[in-house]
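# Understanding the architecture of this molecule
Residues per chain, in single letters:
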Amino acid sequence: MIGTIVALVVALAVLCGGLYYLLKEKKDKESRKIYGIVSAIGAVALVAVVIKIIVAGF
């Protein structure tokens, strides 16, 4: 249960951090690419944790 909560918080933090810096550095092409990838990784991790919660519970 604690592992699931930690994974959920970490995935959400990665997604939010990636989106924040993606919007902050929107003029720099290389930064947009990097933060876009980080945001995508955070979104995939968040979806995976939510699916795990739905299927197996906490």
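For the structure, see preceding data.
Attention here is on the structure that accompanies the text. (Residues numbered from 1 in each chain as written. Predicted model: local features only at pLDDT ≥ 70, side-chain atom pairs only at ≥ 80, totals over all residues. Heavy atoms only, no water.)

Our focus in this paragraph is the overall build of the chain. A count of helical and extended segments in the chain gives two helices and zero strands. The C-alpha radius of gyration computed for the chain amounts to 13 Å, which surpasses the reference 10 Å derived for 58 residues by more than 25%, pointing to a less compact arrangement than a globule. Residue burial in the chain is summarised as follows: out of 58 residues, 17% are buried. Total accessible area on the chain stands at roughly 4300 Å², and carbon and sulfur atoms take up 76% of it. (Helix = DSSP H or I, 4+ residues; strand = E, 2+ residues; numbered from the N terminus. Rg over C-alpha atoms; globule rule 2.2 N^0.38 Å. Buried < 20%, exposed > 50% of the residue type's maximum accessible area, 1.4 Å probe, protein only. Areas by Shrake-Rupley, 256 points an atom, 1.4 Å probe, with all protein chains shown as cover.)

Helices that pack against each other are described as a pair by the angle of their axes relative to one another and the distance between those axes. Contact pair helix α1 (residues 2-24) / helix α2 (residues 29-56): the axes reach a minimum separation of 8 Å and the direction vectors enclose 155°. When the axis of α1 is compared with that of α2, the two are roughly antiparallel. Where α1 crosses over α2, the handedness of that crossing is left-handed. Considering only residue class, the contact of α1 with α2 consists of 17 nonpolar, five polar and two charged. (Axes fitted to C-alpha atoms, helices over the stretch in contact; angles between N-to-C directions. Parallel < 35°, antiparallel > 145°, perpendicular 65-115°, else oblique. Left-handed = near helix turned anticlockwise from the far one by under 90°. Nonpolar A, V, L, I, M, F, W, Y, C, P; charged D, E, K, R; others polar.)

Counted by the stated rule, this structure contains two aromatic pairs. When the centroid spacing of 4.9 Å and the interplanar angle of 80° are considered together, the rings of Tyr20 and Tyr21 count as edge-to-face. Its relative accessible area of 37% is what places Tyr21 among the partly exposed residues. Clustering of aromatic rings is evident, with ring pairs tying together Tyr20, Tyr21 and Tyr35. (Phe/Tyr/Trp six-rings, centres within 6.5 Å; stacked < 30°, edge-to-face > 60°.)

Attention shifts here to the environment of Ser39. Mapped onto the elements, Ser39 comes out in helix α2. By relative accessible area, which is 7% here, Ser39 ends up buried. Once the C-alpha coordinates of Ser39 and Val55 are considered, the two residues, 16 residues apart in sequence, prove to be 24 Å apart. Residue contacts for Ser39: discarding those within four places in its chain leaves Leu15, Gly18 and Leu19. At 2.8 Å, the side chain of Ser39 forms a polar contact with the backbone oxygen of Tyr35. (Contact = heavy atoms within 4.5 Å. Polar contact = N/O pair within 3.5 Å; in protein donor to acceptor, adjacent residues only side chain to side chain.)

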